[in-house]
Amino acid sequence: MIKVAPSMLAADYLNLGSEIDKVIASGADVLHYDVMDGTFVPAISFGQEILKMASKKDIPMDVHLMIQNPEKQIESFARAGAKYITVHAEAAGFGLKDCIDKIHACGCLAGVSVKPFTMVSAIEDVLDSVDMILIMTVEPGKGGQKMIPFTVEKVRELRSVLKTRGLRKIIEVDGGVNMETAHLVTEAGADMLVAGSAFFKAEDPRAFVDALRSMPEPRDE
(Lines give C-alpha, C1' and ligand atoms only; values in the text may rest on other atoms or scores of the structure.)
Protein backbone atom coordinates (compact mmCIF):
# COMPACT_ATOMS: atom_id res chain seq x y z
CA MET A 1 0.00 0.00 0.00
CA ILE A 2 1.16 3.54 -0.76
CA LYS A 3 2.51 5.23 2.39
CA VAL A 4 1.77 8.86 3.21
CA ALA A 5 4.18 11.23 4.99
CA PRO A 6 2.73 14.69 5.76
CA SER A 7 5.45 17.33 5.84
CA MET A 8 5.60 19.53 8.92
CA LEU A 9 7.18 22.26 6.81
CA ALA A 10 3.62 23.23 5.81
CA ALA A 11 2.16 23.03 9.33
CA ASP A 12 0.98 25.90 11.51
CA TYR A 13 4.07 26.51 13.65
CA LEU A 14 2.05 28.24 16.38
CA ASN A 15 0.12 25.02 16.92
CA LEU A 16 2.60 22.23 16.20
CA GLY A 17 1.16 19.88 18.81
CA SER A 18 -2.35 20.02 17.38
CA GLU A 19 -0.96 19.81 13.85
CA ILE A 20 0.84 16.57 14.75
CA ASP A 21 -2.41 15.30 16.28
CA LYS A 22 -4.09 16.10 12.96
CA VAL A 23 -1.52 13.96 11.16
CA ILE A 24 -2.03 11.09 13.58
CA ALA A 25 -5.84 11.33 13.30
CA SER A 26 -5.57 11.21 9.52
CA GLY A 27 -4.01 7.75 9.70
CA ALA A 28 -0.82 8.85 7.91
CA ASP A 29 2.15 6.51 8.16
CA VAL A 30 4.99 8.82 9.21
CA LEU A 31 5.65 12.45 10.06
CA HIS A 32 8.11 14.08 7.64
CA TYR A 33 10.55 16.74 8.86
CA ASP A 34 12.53 18.81 6.37
CA VAL A 35 15.56 19.93 8.35
CA MET A 36 17.26 22.94 6.72
CA ASP A 37 20.49 24.64 7.78
CA GLY A 38 20.59 27.86 5.78
CA THR A 39 23.69 26.60 3.95
CA PHE A 40 22.76 23.60 1.81
CA VAL A 41 19.44 25.40 1.21
CA PRO A 42 18.71 29.08 1.94
CA ALA A 43 16.08 28.49 4.61
CA ILE A 44 16.43 27.34 8.23
CA SER A 45 13.77 25.07 9.74
CA PHE A 46 13.47 22.45 12.49
CA GLY A 47 16.15 21.48 14.97
CA GLN A 48 16.60 18.54 17.29
CA GLU A 49 14.68 20.04 20.21
CA ILE A 50 11.49 20.26 18.14
CA LEU A 51 11.86 16.61 17.21
CA LYS A 52 12.47 15.59 20.82
CA MET A 53 9.14 17.12 21.78
CA ALA A 54 7.40 15.64 18.75
CA SER A 55 8.78 12.18 19.55
CA LYS A 56 6.38 12.03 22.50
CA LYS A 57 3.60 11.61 19.95
CA ASP A 58 2.77 8.13 18.68
CA ILE A 59 3.93 8.35 15.06
CA PRO A 60 7.29 7.50 13.43
CA MET A 61 9.44 10.43 12.33
CA ASP A 62 10.95 10.66 8.86
CA VAL A 63 13.84 13.16 9.02
CA HIS A 64 15.10 14.63 5.76
CA LEU A 65 18.43 16.36 6.38
CA MET A 66 18.77 19.19 3.86
CA ILE A 67 22.05 20.18 5.48
CA GLN A 68 25.72 20.39 4.65
CA ASN A 69 28.02 17.88 6.39
CA PRO A 70 25.12 15.73 7.62
CA GLU A 71 27.50 13.30 9.33
CA LYS A 72 27.88 15.84 12.13
CA GLN A 73 24.18 15.76 12.99
CA ILE A 74 23.10 12.16 12.40
CA GLU A 75 23.60 10.98 15.99
CA SER A 76 21.73 13.93 17.51
CA PHE A 77 18.71 13.44 15.25
CA ALA A 78 18.71 9.73 16.01
CA ARG A 79 18.69 10.55 19.73
CA ALA A 80 15.85 12.99 19.08
CA GLY A 81 13.67 10.07 17.96
CA ALA A 82 14.03 9.73 14.19
CA LYS A 83 13.04 6.41 12.62
CA TYR A 84 14.22 7.33 9.11
CA ILE A 85 17.15 9.67 8.45
CA THR A 86 17.81 10.74 4.86
CA VAL A 87 20.91 12.58 3.70
CA HIS A 88 21.53 14.32 0.38
CA ALA A 89 24.05 12.83 -2.02
CA GLU A 90 25.04 16.37 -2.97
CA ALA A 91 25.78 17.31 0.66
CA ALA A 92 27.53 14.15 1.81
CA GLY A 93 29.80 13.89 -1.23
CA PHE A 94 32.44 11.16 -0.98
CA GLY A 95 31.32 10.44 2.59
CA LEU A 96 27.86 9.25 1.53
CA LYS A 97 28.44 5.58 2.37
CA ASP A 98 29.92 6.58 5.74
CA CYS A 99 26.77 8.59 6.47
CA ILE A 100 24.57 5.63 5.61
CA ASP A 101 26.61 3.34 7.86
CA LYS A 102 26.40 5.88 10.67
CA ILE A 103 22.61 6.11 10.35
CA HIS A 104 22.34 2.34 10.62
CA ALA A 105 24.74 2.27 13.57
CA CYS A 106 22.40 4.71 15.34
CA GLY A 107 19.53 2.25 14.89
CA CYS A 108 17.68 4.18 12.19
CA LEU A 109 16.63 3.36 8.64
CA ALA A 110 18.84 5.13 6.11
CA GLY A 111 17.77 7.13 3.09
CA VAL A 112 19.60 8.97 0.35
CA SER A 113 18.11 11.91 -1.53
CA VAL A 114 18.88 13.62 -4.82
CA LYS A 115 17.87 17.03 -6.11
CA PRO A 116 15.88 17.28 -9.35
CA PHE A 117 18.95 17.89 -11.53
CA THR A 118 21.11 15.19 -9.92
CA MET A 119 21.13 12.00 -11.95
CA VAL A 120 20.07 8.64 -10.52
CA SER A 121 23.48 7.29 -11.53
CA ALA A 122 25.03 9.48 -8.81
CA ILE A 123 23.65 7.16 -6.12
CA GLU A 124 23.89 3.77 -7.81
CA ASP A 125 26.95 2.83 -5.72
CA VAL A 126 24.94 3.04 -2.47
CA LEU A 127 21.62 1.52 -3.52
CA ASP A 128 22.54 -1.79 -1.89
CA SER A 129 23.15 -0.05 1.43
CA VAL A 130 20.12 2.21 1.83
CA ASP A 131 16.59 1.43 2.93
CA MET A 132 14.99 4.32 1.07
CA ILE A 133 15.66 6.64 -1.85
CA LEU A 134 14.07 10.08 -1.83
CA ILE A 135 13.57 11.72 -5.21
CA MET A 136 13.10 15.47 -4.88
CA THR A 137 10.48 16.58 -7.39
CA VAL A 138 11.06 20.27 -6.57
CA GLU A 139 14.19 22.19 -5.64
CA PRO A 140 14.73 21.64 -1.90
CA GLY A 141 14.37 24.53 0.52
CA LYS A 142 10.84 25.85 0.08
CA GLY A 143 7.37 24.39 0.48
CA GLY A 144 4.38 24.90 -1.78
CA GLN A 145 6.21 24.46 -5.09
CA LYS A 146 4.79 22.77 -8.19
CA MET A 147 6.18 19.37 -9.14
CA ILE A 148 8.83 19.56 -11.87
CA PRO A 149 7.46 17.34 -14.68
CA PHE A 150 10.72 15.65 -15.75
CA THR A 151 11.31 14.31 -12.23
CA VAL A 152 8.56 11.76 -12.77
CA GLU A 153 10.82 10.01 -15.26
CA LYS A 154 13.58 9.91 -12.63
CA VAL A 155 11.25 7.92 -10.41
CA ARG A 156 10.60 5.54 -13.29
CA GLU A 157 14.32 5.24 -14.01
CA LEU A 158 15.12 4.50 -10.37
CA ARG A 159 12.43 1.83 -10.23
CA SER A 160 13.93 0.20 -13.33
CA VAL A 161 17.45 0.26 -11.89
CA LEU A 162 16.27 -1.32 -8.64
CA LYS A 163 14.38 -4.02 -10.52
CA THR A 164 17.40 -4.81 -12.70
CA ARG A 165 19.56 -5.20 -9.62
CA GLY A 166 16.98 -7.24 -7.73
CA LEU A 167 16.63 -4.64 -5.00
CA ARG A 168 13.42 -3.77 -3.16
CA LYS A 169 13.74 -0.35 -1.56
CA ILE A 170 11.28 2.35 -0.54
CA ILE A 171 11.00 5.06 -3.20
CA GLU A 172 9.89 8.28 -1.56
CA VAL A 173 8.85 11.39 -3.47
CA ASP A 174 8.88 14.90 -2.01
CA GLY A 175 7.67 18.06 -3.72
CA GLY A 176 4.40 19.22 -5.24
CA VAL A 177 2.47 16.07 -4.29
CA ASN A 178 -1.28 16.58 -4.46
CA MET A 179 -4.31 14.77 -5.85
CA GLU A 180 -3.40 15.83 -9.39
CA THR A 181 0.24 14.70 -9.30
CA ALA A 182 0.23 11.71 -6.95
CA HIS A 183 -0.97 9.26 -9.59
CA LEU A 184 1.93 10.27 -11.87
CA VAL A 185 4.65 9.37 -9.38
CA THR A 186 2.95 6.25 -8.01
CA GLU A 187 2.47 4.92 -11.53
CA ALA A 188 6.17 5.63 -12.13
CA GLY A 189 7.19 3.66 -9.05
CA ALA A 190 6.90 5.76 -5.88
CA ASP A 191 5.56 4.01 -2.80
CA MET A 192 5.89 6.77 -0.15
CA LEU A 193 4.49 10.24 -0.78
CA VAL A 194 5.48 13.38 1.12
CA ALA A 195 2.66 15.92 1.07
CA GLY A 196 2.87 19.30 2.77
CA SER A 197 0.56 22.07 1.64
CA ALA A 198 -1.94 19.69 0.06
CA PHE A 199 -2.32 17.79 3.35
CA PHE A 200 -2.53 20.71 5.75
CA LYS A 201 -4.90 22.67 3.48
CA ALA A 202 -7.19 19.69 2.90
CA GLU A 203 -10.73 20.10 4.21
CA ASP A 204 -10.66 16.46 5.30
CA PRO A 205 -7.08 15.25 5.96
CA ARG A 206 -8.17 11.64 6.54
CA ALA A 207 -9.99 11.56 3.21
CA PHE A 208 -6.89 13.05 1.57
CA VAL A 209 -4.66 10.34 3.05
CA ASP A 210 -7.12 7.62 2.06
CA ALA A 211 -7.22 8.99 -1.49
CA LEU A 212 -3.42 8.92 -1.77
CA ARG A 213 -3.39 5.38 -0.42
CA SER A 214 -5.88 4.35 -3.07
CA MET A 215 -3.48 5.31 -5.86
CA PRO A 216 -2.40 2.26 -7.89
CA GLU A 217 0.66 0.68 -6.31
CA PRO A 218 3.78 0.53 -8.47
CA ARG A 219 3.91 -2.61 -10.58
CA ASP A 220 7.06 -4.14 -11.99
CA GLU A 221 6.53 -5.24 -15.56
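Scroll up a little and you will see the structure.
Residues numbered from 1 in each chain as written. Predicted model: local features only at pLDDT ≥ 70, side-chain atom pairs only at ≥ 80, totals over all residues. Heavy atoms only, no water.

Trainee: Is there a simple way to think about the pairing of strand β3 (residues 61-66) in this case?
Mentor: Working note: regular strand, side chains alternate between the two faces of the sheet. With six of six residues buried, β3 lies mostly within the body of the structure. Covered by surrounding structure in β3 are Met61, Val63 and Leu65 together with Asp62, His64 and Met66, the residues of both alternating faces. Where strand β2 (residues 31-36) and β3 come together, six bridges link them in parallel fashion. Looking across to β3, one finds that Asp34 is bridged to His64. Chirality of the crossover, the property in question, places the unit of β2, helix α2 (residues 48-54) and β3 among those that are right-handed. Inspection of the sheet shows β3 paired to strand β4 (residues 84-88) by four bridges, in the parallel sense. Pairing of His64 across the sheet is with Thr86, part of β4. Handedness of the β3-helix α3 (residues 74-79)-β4 crossover: right-handed. (Buried < 20%, exposed > 50% of the residue type's maximum accessible area, 1.4 Å probe, protein only. Helix = DSSP H or I, 4+ residues; strand = E, 2+ residues; numbered from the N terminus. Pairing = 2+ DSSP bridges. Right-handed = clockwise from strand over helix to strand, strands pointing away.)

Trainee: Quick question: what am I supposed to make of the state of the cysteines here?
Mentor: Each disulfide consists of one covalent bond between the sulfur atoms belonging to two cysteines. One pass over the full model with this rule turns up zero disulfides. Note on Cys108: no disulfide assigned, nearest cysteine sulfur contributed by Cys106 at a separation of 6.2 Å. (Disulfide = S-S within 2.5 Å.)

Trainee: Looking at this structure, I do not really get the side chain of Asp34. What am I missing?
Mentor: For Asp34, the position within the fold is in strand β2. Of the side chains with opposite charge, Lys115 lies nearest to the buried Asp34, which makes no salt bridge, at 13 Å. At 3.0 Å, the side chain of Asp34 and the side chain of His64 are in polar contact. Once residues lying within four places of it in the same chain are set aside, the contact partners of Asp34 are Ser7, Leu9, Ser45, Phe46, His64, Met66 and Asp174. (Lys, Arg positive; Asp, Glu negative; His and termini not counted. Salt bridge = Lys/Arg side-chain N within 4 Å of Asp/Glu carboxyl O. Polar contact = N/O pair within 3.5 Å; in protein donor to acceptor, adjacent residues only side chain to side chain. Contact = heavy atoms within 4.5 Å.)

Trainee: Would you mind going over the pairing of strand β7 (residues 170-174) with me for this structure?
Mentor: Of all five residues in β7, four are buried; the element is thus mostly enclosed. The pairing of strand β6 (residues 132-136) with β7 spans five bridges and is classified as parallel. Bridge pairing in β7 places Met132 opposite Ile170. Pairing analysis gives three bridges linking β7 to strand β8 (residues 192-195), with the strands arranged parallel. Paired with Asp174 across the two strands is Val194, which belongs to β8. Remark: the β7/helix α7 (residues 182-188)/β8 crossover connection has right-handed handedness.

Trainee: Is there a simple way to explain the nonpolar core in this structure?
Mentor: Note that soluble globular proteins tend to have their nonpolar side chains buried in a common cluster. Met8, Tyr33, Leu65, Ile85, Ile133 and Leu193 are the most contacted members of the largest nonpolar core, which has 65 residues in total. Considering every element that reaches this core, the biggest residue donor is helix α6 (residues 151-164), with five residues. Ignoring any residue separated from it by four or fewer positions in sequence, one finds Leu193 in contact with Ile2, Lys3, Val4, Ala5, Val173, Val177, Ala182, Val185, Thr186 and Leu212. Within the second largest apolar cluster, eight residues are counted, among which are Val41, Met66, Met136 and Val138. (Core = buried A, V, L, I, M, F, W, Y, C linked by side-chain atoms within 4.5 Å.)

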